[in-house]
Amino acid sequence: MKNTLQALLFFGATLTITAQNTTAKFEPKDGECLVFIGQDLEATGGLDKFGNGYTNHFESPFGITTYTNLSPGEQSYAHFNKGIDGIKTAANWGAGYNCAQCYLEDSDYNYSSIAIGLSIVNHENLIARGKHDQLIIDLAQWIKSSNRPVFLRIGYEFDGWDWNHYHKTYYLKAWKQIHKVFKEQNVHNVAFVWQSKGTGSNQKTLEDWYPGDDLVDWCAYSYFGKPDQEMLTFARRHRKPIFIAEATPVMETDNLYFNTDLSDPKVAAAVWKHWFIPFFKTINDNQDVIKGFSYINSDWASQPMWTNNPTFQKVDSRIQVSTFISEAWKRELAKPKYIKPSQNLLNTLMKSTD
């Protein structure tokens, strides 16, 4: 994309892609922001069997977020992984159904990009030794054939010690192996995204776990309660754009989590004031580096994976269940900075990968 010089008009907004302003794959210029919605079929909606999600109430987003794994044999809520589950067919690990192919086949997402969270939990050593190369090849070929810009979050939330428990040496070797296989398969429509859990890791930890500037296109972090200044500092030093890859309103004080069910009008008003406004301010104040975010539009409390999780067990972050937040959200996303999908934009992004 860095060599593409073109201005595109869409929905009254102008996206200018220039060599001076763009340094990473699929990175918009300063002041512009890619908006993704996730992170399961019910959350995104707009599909034949999932008709009450985000896209049924708002314009189709620039991109959607989905998940898969390189962890065959692992079990989660009665689902046994085969590897790259949720890509070509639907899979549910206890947090809603995922199916990347379903978006490619639905007209509501004709021009949408895809962000894929790729779990490698318990298998980073096997990946590093080339034991899962065929699964990586299968994923690489699917991404290549999708003809969409794909943001691949390898081993997302690497520093989530309590739930991912990655081994640093194997994690870094696994990342290199995945990158190597994708290069060998001549996959050009993929941006490699390196994601922190969002809080608790200092600069030394980030440096120690960083795969390297030559292997990473975007830095990323999760935003639930508070912004992560550490990743902002790190990304600026390494001259990488930031993708807030997971964002959902969580209200917490001194490890006490409060109800954030947006269907309650009083709760919704408080959450907009204390979470949404600071969230958008964080993006605006750091527009030189934050170039995209993915909002998780889910009823967390209804999903088995989160029923006993203190962080998410009281969260229903679906925007459409609150008239107040829906209207405020529409006003915010109507601003020209938030990039909308279009045929011209998709063609240009894909052409830039040739």
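Described below are features of the structure shown in this document. If you're wondering where the values come from, they're calculated on a predicted model, not measured in any experiment.

A word on the packing of aromatic side chains
Right, on to step 1. Considering all chains together, one arrives at 45 aromatic pairs under this definition.
Right, on to step 2. When the ring of Phe158 is compared with that of Tyr171, the centres are 6.0 Å apart and the planes differ by 40°; the resulting orientation is tilted. Of the two residues, Phe158 is situated in the loop between strand S10 (150–154) and helix H5 (168–184) and Tyr171 in helix H5; the sequence distance between them amounts to 13 residues. Here Phe158 matches Tyr171 in class, with each residue buried.

Observations concerning the nonpolar core
For soluble globular proteins, the rule of thumb is that nonpolar side chains tend to be buried together.
Right, on to step 1. Counting 80 residues, the largest nonpolar core has Phe182, Trp194, Phe293 and Trp329 as the members making the most contacts within it.
Right, on to step 2. By residue number, the principal contributor to this core is helix H8 (residues 265–285), which donates nine residues.
Right, on to step 3. Membership of the second largest hydrophobic core comes to 16 residues, among which are Leu34, Val193, Phe243 and Leu349.

Thoughts on the environment of His167
Right, on to step 1. Structurally, His167 can be placed in the loop between S10 and H5.
Right, on to step 2. With relative accessibility at 39%, the residue His167 sits in the partly exposed group.
Right, on to step 3. Taking the C-alpha atoms as reference points, His167 and Glu124, 43 residues apart in sequence, are found 7.6 Å from one another.
Right, on to step 4. When near neighbours in sequence (up to four residues on either side) are disregarded, His167 contacts Glu124 and Trp209.

Side note on the packing of helix H4 (residues 133–146) against H5
Right, on to step 1. As a packed pair, H4 and H5 sit with axes 9 Å apart at the nearest point and diverge in direction by 50°. Between H4 and H5, the crossing angle belongs to the class labelled oblique. In this structure, H4 meets H5 at a crossing whose hand is right-handed. Contacts between H4 and H5 involve Asp133, Ile136, Ile137, Leu139, Ala140 and Ile143 on the former and, on the latter, Gln177, Ile178, Val181 and Phe182.
Right, on to step 2. When its residues are assigned to classes, the contact of H4 with H5 shows eight nonpolar, one polar and one charged.

Digging into the packing of H8 against helix H9 (residues 323–333)
Right, on to step 1. Axis separation between H8 and H9 bottoms out at 10 Å; the angle between their running directions is 20°. Taken together, H8 and H9 sit at an angle that is classed as roughly parallel. Of the two possible hands of crossing, H8 and H9 adopt the one that is right-handed. Of the residues in H9, those in contact with Ala268, Ala269, Trp272, Phe276 and Phe280 of H8 are Phe324, Ile325, Ala328, Trp329, Glu332 and Leu333.

Thoughts on unusual backbone geometry
Right, on to step 1. Geometrically, the link from Gly38 to Gln39 is a cis peptide bond, its omega value of 5° lying close to zero.
Right, on to step 2. Turning to its location among the elements, Gln39 is positioned in the loop between strand S3 (33–38) and helix H1 (41–44).
Right, on to step 3. At Phe26, a residue that is not glycine, the phi angle is positive and equals roughly 65°.
Right, on to step 4. In this fold, Phe26 is placed in the loop between strand S2 (13–17) and S3.
Right, on to step 5. Of the residues examined, Phe26 reaches a relative accessible area of 2% and is grouped as buried.
Right, on to step 6. With phi around 35°, His165 is a residue other than glycine that occupies positive phi space.

Structural notes on the pattern of salt bridges
Right, on to step 1. Following the criterion strictly, the structure yields twelve salt bridges and no others.
Right, on to step 2. Of the charged contacts in the structure, one is a salt bridge between Lys291 and Asp30, with a shortest N-O distance of 3.0 Å. Here Lys291, found in strand S17 (residues 290–296), pairs with Asp30, found in the loop between S2 and S3; they are 261 residues apart in sequence, far enough to count as distant.
Right, on to step 3. Across the salt bridge formed by Lys204 and Asp208, the nearest N and O atoms sit 2.8 Å from each other. You can see Lys204 and its partner Asp208 sitting in helix H6 (residues 203–209), four residues apart, about one turn around the helix.
Right, on to step 4. The exposure class of Asp208 is partly exposed, given its relative accessible area of 30%.
Right, on to step 5. Where salt bridges share partners, they join Glu27, Asp30 and Lys291 into one cluster.

So, how was this worked out
- Residues numbered from 1 in each chain as written.
- Predicted model: local features only at pLDDT ≥ 70, side-chain atom pairs only at ≥ 80, totals over all residues.
- Heavy atoms only, no water.
- Phe/Tyr/Trp six-rings, centres within 6.5 Å; stacked < 30°, edge-to-face > 60°.
- Helix = DSSP H or I, 4+ residues; strand = E, 2+ residues; numbered from the N terminus.
- Buried < 20%, exposed > 50% of the residue type's maximum accessible area, 1.4 Å probe, protein only.
- Core = buried A, V, L, I, M, F, W, Y, C linked by side-chain atoms within 4.5 Å.
- Contact = heavy atoms within 4.5 Å.
- Axes fitted to C-alpha atoms, helices over the stretch in contact; angles between N-to-C directions.
- Parallel < 35°, antiparallel > 145°, perpendicular 65-115°, else oblique.
- Left-handed = near helix turned anticlockwise from the far one by under 90°.
- Nonpolar A, V, L, I, M, F, W, Y, C, P; charged D, E, K, R; others polar.
- Salt bridge = Lys/Arg side-chain N within 4 Å of Asp/Glu carboxyl O.

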